Amino acid sequence: MSSREIADLCEARHNQVVETIGRLFEKGVLRESRKTTRPYAPNGGGRPTQVYDLTKRDTLVVASGYNDELRARIIDRWQELEAQVARPDPVAALSDPAALRHLLLGYSERVIALEHRVEADAPKVAALDRLEASEGSVNVRIAAKMLNVPERKFTKWLQAHGWAFRQNGVGTLQAYHAKREAGYLEHRPHTYHDQQRDEDRTVPQMMVTPKGLAKLASLFGKAQGELL
């Protein structure tokens, strides 16, 4: 609050309020306020005077020298100022250069922070886009390599998080129906030669789709410490 406003609220001469503030500064009682001053030209003209800007604490210290009614006026006015800061009036801000500058600086800082975050996330987003746009599904081993996760821990994670299971705890991995419906996993026939039987056999092999790779990369990026 400015010394000019304090003088108006207390119906006192501004030079008297300035003298009081100067005296309290010399005694070290006013500790929080900046000692910067700004010139003030009264509406009626005349010689410009120096106006002090005080923090809430120092304003109340200055007000303590006045009677109860005047102190109440200053406290009420300070509460109004706090309410304006909490919920600024955009119309009033347009006519107040200081308030407008404060709002613009705050907005600019938020924009810069957002731009930095977008810039930092750009490689991650590009990587996810490449995974989702990749052609064809891959088996679990290749998927683990693409995601930079050890294969054994990757398969354990798939089973622990409802992506895949082994029938009766043994055998090849099989995809849960929900993950197949979501397009994350699929089954493809895989033919191999059974040396014991000396014959070719075809079994379903679980594959991770490009969409599944992108989803897993996103999940792993959010909780890398827990996954590895």
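Our structure's up above, just so we're on the same page.
Notes on the structure in this doc start here. This is a predicted model, so every value here is computed, not measured.

1. Considering the nonpolar core
And then number 1: Ranked by internal contacts, the top residues of the largest apolar core, which has 20 residues, are Phe154, Leu158, Trp163, Leu185, Met206, Val208 and Leu216.
And then number 2: One finds Ala7, Tyr52, Val62 and Leu81 within the second-largest nonpolar core, a separate group that totals 19 residues.

2. Considerations on the pattern of salt bridges
Where charged atoms from two side chains of opposite charge approach closely, those side chains can pair.
And then number 1: One pass over the structure, following the stated rule, counts seven salt bridges.
And then number 2: Note that Arg4 is salt-bridged to Asp8, the shortest N-O span being 3.4 Å. With a gap of four residues between them, Arg4 and Asp8 both fall in helix α1 (residues 3–10), about one helical turn apart.
And then number 3: We note a salt bridge from Arg141 to Glu151, for which the minimum N-O separation is 3.3 Å. Residue Arg141 is found in helix α7 (residues 140–146), and its partner Glu151 is found in helix α8 (residues 151–160); the two are separated by 10 residues along the sequence.
And then number 4: Exposure remark for Arg141: the relative accessible area of 52% places this residue in the exposed category.

3. Description of unusual backbone geometry
And then number 1: Phi is positive for Asn148, which is not a glycine, with a value near 60°.
And then number 2: Its place among the elements puts Asn148 in the loop between α7 and α8.
And then number 3: With relative accessibility at 64%, the residue Asn148 sits in the exposed group.
And then number 4: Phi at Asn168 takes a positive value of approximately 60°, unusual for a residue other than glycine.
And then number 5: Mapped onto the elements, Asn168 comes out in the loop between β3 (164–166) and β4 (173–175).
And then number 6: With relative accessibility at 72%, the residue Asn168 sits in the exposed group.

Cut-offs used in this document
Residues numbered from 1 in each chain as written. Predicted model: local features only at pLDDT ≥ 70, side-chain atom pairs only at ≥ 80, totals over all residues. Heavy atoms only, no water. Core = buried A, V, L, I, M, F, W, Y, C linked by side-chain atoms within 4.5 Å. Buried < 20%, exposed > 50% of the residue type's maximum accessible area, 1.4 Å probe, protein only. Salt bridge = Lys/Arg side-chain N within 4 Å of Asp/Glu carboxyl O. Helix = DSSP H or I, 4+ residues; strand = E, 2+ residues; numbered from the N terminus.

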